[in-house]
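Examining the three-dimensional arrangement
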Amino acid sequence: MYSSKTPGLVTMSDYDYMDAGEKFDLKSATARMRDAWRAKDASGTMAAAQAVLRYLPDHGEARRTGYLAALQAKDLDYLSVHVDAPPDDATVQARAAAALAWSDERAWEASELVRRLDRAGHAAAVDSGMRSAIAFLLLRKALAAEAAGDAREQSRFLRQVIALAPDAFEAREQLNKLFESAVKAARRISLSREPEAYEQAWRHARLFDPDCVEGLRAVASAHQRRATEGETFDDWAALLRAEPGDEKARKQFIRAAKQSGREVEGLETLLLVGIDSEAPETTPILRAVWRQARDSYTRGEVL
């Protein structure tokens, strides 16, 4: 339960939130966090910050203070746990990435923070040396995954290296070779004679290039042979996002949306890929959405 009785920077009432009947005193929790920070009590600061973030995940002060305390205490566990909710401060994020990069086991988390900075337009906050160091750690993990025969992990690390350092020639070359090899193997399998093996081979190829149109089309077509139309919704949606002009994909997607009862989501996808709501092919799905809305209204529900 949220209240807004008293205006303020941090809290709007003495008890701002209620979870399962338990009142949470946000004002006191924030005060404890500030007091612990002033007393240079890193553990207390992190505990108080976590208490605030449990109820208010976007609380800017708690995010920043918790990160600063973790950096002060060199608590990599805290930084890893909160890697998806860093503070807006680019300098603090860059410091956290550098701290995580010292540990081989935290290289992925470090790379995620760097990528967040890149997406936010703060690429300059990360110097090239640190970026290269993190990319090197990820490349080592990709090699370890290859040795273990784990193509999924190998692909994940290689793609992250390329996202982090687009000029990483070695990673790009490895990924291209793996993709080309997987595609050659998939093309040797007959869809009509071995539909399941065909589908699995193309799914494997897509590990190395998730947006490969040939792979997307192959997976959708193969899956359709052994599943109901509704179960292929996600496959046709992925192909349609990659190839909005593919007429067959559009028709199959609309049929899958109706069969699966996901007409609203289907309409959103069609509009996102640029297909006009007045286009003839959207008529069936619009009718289905309208029927859902009418029935929900009749039942007093919200669609």
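Above this text sits the structure in question.
For the structure given in this document, a descriptive report is provided here. (Residues numbered from 1 in each chain as written. Predicted model: local features only at pLDDT ≥ 70, side-chain atom pairs only at ≥ 80, totals over all residues. Heavy atoms only, no water.)

1. Some details on unusual backbone geometry
- Of note in this structure, Lys40 is not a glycine but carries a positive phi near 60°.
- Examined against the element boundaries, Lys40 turns out to sit in the loop between helix 1 (26-38) and helix 2 (42-55).
- In this structure, Lys74 takes a positive phi of about 55° despite not being glycine.
- On the secondary structure map, Lys74 appears in the loop between helix 3 (60-73) and helix 4 (76-81). (Helix = DSSP H or I, 4+ residues; strand = E, 2+ residues; numbered from the N terminus.)

2. A few points about the environment of Ile189
- When you line up the elements, Ile189 lands in the loop between helix 9 (169-187) and helix 10 (195-206).
- Owing to a relative accessible area of 21%, Ile189 belongs among the partly exposed residues under this scheme.
- Sequence separation of Ile189 and Glu199 is 10 residues, and the distance between their C-alpha atoms is 9.3 Å.
- Apart from the residues lying within four places of it in its own chain, the contact partners of Ile189 are Glu194, Ala197, Tyr198 and Ala201. (Buried < 20%, exposed > 50% of the residue type's maximum accessible area, 1.4 Å probe, protein only. Contact = heavy atoms within 4.5 Å.)

3. Some remarks on the nonpolar core
- Membership of the largest hydrophobic core comes to 65 residues, with the highest contact counts inside it found for Ile134 and Trp202.
- When neighbours within four sequence positions are excluded, Trp202 is seen to be in contact with Val183, Ala186, Arg187, Glu214, Gly215, Ala218 and Val219.
- Ranked by size, the runner-up nonpolar core spans 15 residues in total, among them Ala220, Leu240, Ala256 and Val273. (Core = buried A, V, L, I, M, F, W, Y, C linked by side-chain atoms within 4.5 Å.)

4. With respect to helix 7 (residues 128-147)
- In this model helix 7 runs 29 Å from its N-terminal to its C-terminal C-alpha over 20 residues, within 8% of the 28 Å that 1.5 Å per residue would give.
- Among all positions of helix 7, only Met130, Arg131, Ile134, Ala135, Leu137, Leu138, Leu139, Lys141, Ala142 and Ala145 are buried.
- Buried residues belonging to helix 7 abut helix 5 (90-101), helix 6 (107-119), helix 8 (151-164) and helix 9.
- The opening residue of helix 7 is Asp127, an N-cap whose side-chain oxygen sits 3.0 Å from the backbone nitrogen of Gly129.
- Just past helix 7, the residue Gly149 takes up positive phi, approximately 75°. (Expected span 1.5 Å × (residues − 1). Polar contact = N/O pair within 3.5 Å; in protein donor to acceptor, adjacent residues only side chain to side chain.)

5. Some details on the pattern of salt bridges
- Applying the stated criterion across every chain yields a total of 16 salt bridges.
- With a shortest N-O distance of 2.6 Å, Arg38 and Asp35 are connected by a salt bridge. Pair noted here: Arg38 and Asp35 are both in helix 1, with a separation of 3 residues, about one helical turn.
- Under the relative-accessibility criterion, Arg38 is labelled exposed at 60%.
- One connected set of salt bridges, linked through shared partners, spans Glu199, Arg203 and Asp235. (Salt bridge = Lys/Arg side-chain N within 4 Å of Asp/Glu carboxyl O.)

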